[in-house]
Amino acid sequence: MMFRNSLEALLKYKLWMAVLLAFNLLFGVLLWLQDSKEFLRLFPAMLLGFAGIYGITACIAARSDRRRIRVLQNMLEDPEIFMEQENCFEGEEREAIREIARTLRQKNEKILQQEKDVREFEEYMELWAHEIKTPLSLMTFVLDNRQDEMSSAVHYRMEYARTKMQEDVECMLYYGRIQSARRDYMLAGVYLDDICQEVLDEYAVLLEEQKIQIINEVEKVQVITDSRGLMFCIRQVISNAVKYVRQDEEQRWIRLTSKKDEERKKIILTIRDNGTGVKSYDLPFIFEKGFTGDKGMVNKTATGMGLYLTAQVAEQLKIGIETPLQQEGFEIRLIFSL
């Protein structure tokens, strides 16, 4: 290691070494011209002496370079280290690196402050999301128990507002969760038919109002996943199906089916509707953050976050997603390992 470092130092300072070697050769030529006998006696010793000097110089240079490199590496983690060990550098080089250290220190301070601000913001939003659940629960209680005291139109509007608020709060919580290093998923065996029916019950009023027929053909098959995460994914798909119904279609439907693929060792949950669907040129981008495509032109409230979050949660739960090209409507498949 020492020999290699010394060799690298010699190569690094090869120009100066070449100049010194040239002077040595010039001195040897002058000695030979002065006295050829003395030249034969002194020149070999002189070469050995110079070789020793070169070796010692290379070792000192290599050691100095290693020390400077360590100081620079440590400076990236803690700029204050350079202030303590700046004697490794001299002149303009010292001033330049001192300025770099000062800039790094300022950048680190800004990053720490931004991390603190982001952490405080996330804590506030999480607290707000939990606090908003109280009035939402009250709203749900009133809608479930005082329905006879309000007209059907008012009840529908209130039910729509409650469902939309719950969706938005849940999206915000899951957005924070996928960005967090800690994720409280609880993997367990759940039955697909129970999960799907629970989501459909939540949207029963909106589905009835939109006159959407539900064809639930999900079998009682068990998968290993997080029930809340899976329900979130299915909610986003059902919500999109309700949001993008075809107004000119008399028979509106959403079909849920399950299939066990023994060859691939997979269980496939398919959710399909006959709504407005997705254009073929938009299909490759529907899981990108904020992408709305043509739907954004039709529905101004589209945010492009629902399917993005669905894909992110599904990826964390190791659930595959497929969106085959279709002539009409929209189809999405959630794929679980057996």
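Keep in mind the model is a prediction, meaning the values are calculated, not measured. (Residues numbered from 1 in each chain as written. Predicted model: local features only at pLDDT ≥ 70, side-chain atom pairs only at ≥ 80, totals over all residues. Heavy atoms only, no water.)

(A) Inspection of the side chain of Arg162 at higher detail. If you trace the backbone, Arg162 turns up in helix H7 (residues 152-179). Residue classification places Arg162 among the buried residues on the basis of a relative accessible area of 9%. Contacts of Arg162, omitting those with residues within four sequence positions, involve Leu136, Met139, Thr140, Leu143 and Glu202. (Helix = DSSP H or I, 4+ residues; strand = E, 2+ residues; numbered from the N terminus. Buried < 20%, exposed > 50% of the residue type's maximum accessible area, 1.4 Å probe, protein only. Contact = heavy atoms within 4.5 Å.)

(B) Quick peek at the environment of Tyr156. Counting through the fold element by element, Tyr156 comes out in helix H7. Its relative accessible area of 18% is what places Tyr156 among the buried residues. Each C-alpha atom of the pair Tyr156 and Leu206 lies 7.3 Å from the other, and the pair is 50 residues apart in sequence. Contacts of Tyr156, omitting those with residues within four sequence positions, involve Leu206, Glu209 and Gln210.

(C) Layout of the packing of aromatic side chains. Taken as a whole and judged by the stated rule, the model has 2 aromatic pairs. When the ring of Phe285 is compared with that of Phe291, the centres are 5.7 Å apart and the planes differ by 50°; the resulting orientation is tilted. The exposure class of Phe291 is partly exposed, given its relative accessible area of 25%. Taking NZ or CZ as reference, Lys220 lies 4.5 Å from the ring centre of Tyr191, over its face. Cation over ring: Arg255 sits above Trp253, and NZ or CZ is 5.8 Å from the ring centre. (Phe/Tyr/Trp six-rings, centres within 6.5 Å; stacked < 30°, edge-to-face > 60°. Lys NZ or Arg CZ within 6 Å of the ring centre and 35° of its normal.)

(D) Summary view of the pairing of strand S4 (residues 252-261). Note: strand S2 (residues 212-217) against S4, 6 bridges, orientation parallel. In the sheet register, Asn216 faces S4, and the bridge partner there is Leu256. Where S4 lies against strand S5 (residues 266-273), 8 bridges are found, and the strand directions are antiparallel. Bridge assignment links Ile254 to a residue of S5, and that residue is Asp273. Hairpin geometry of S4 and S5 is characterised by an intervening segment of 4 residues between the two adjacent antiparallel strands and by a positive phi of about 55° at Lys265. (Pairing = 2+ DSSP bridges.)

(E) Structural detail: helix H6 (residues 133-145). When the terminal C-alpha atoms of H6 are compared, their 18 Å separation across 13 residues agrees well with the 18 Å that a helix rising 1.5 Å per residue should span. By the burial criterion, the buried members of H6 are Leu136, Met139, Thr140 and Leu143. Looking straight down H6, one finds that the buried residues subtend no more than 100° of arc, so they occupy a single side. In H6, those exposed residues whose orientation departs by more than 90 degrees from the buried face are Thr134 and Leu138. (Expected span 1.5 Å × (residues − 1). Arc of directions from axis to C-beta.)

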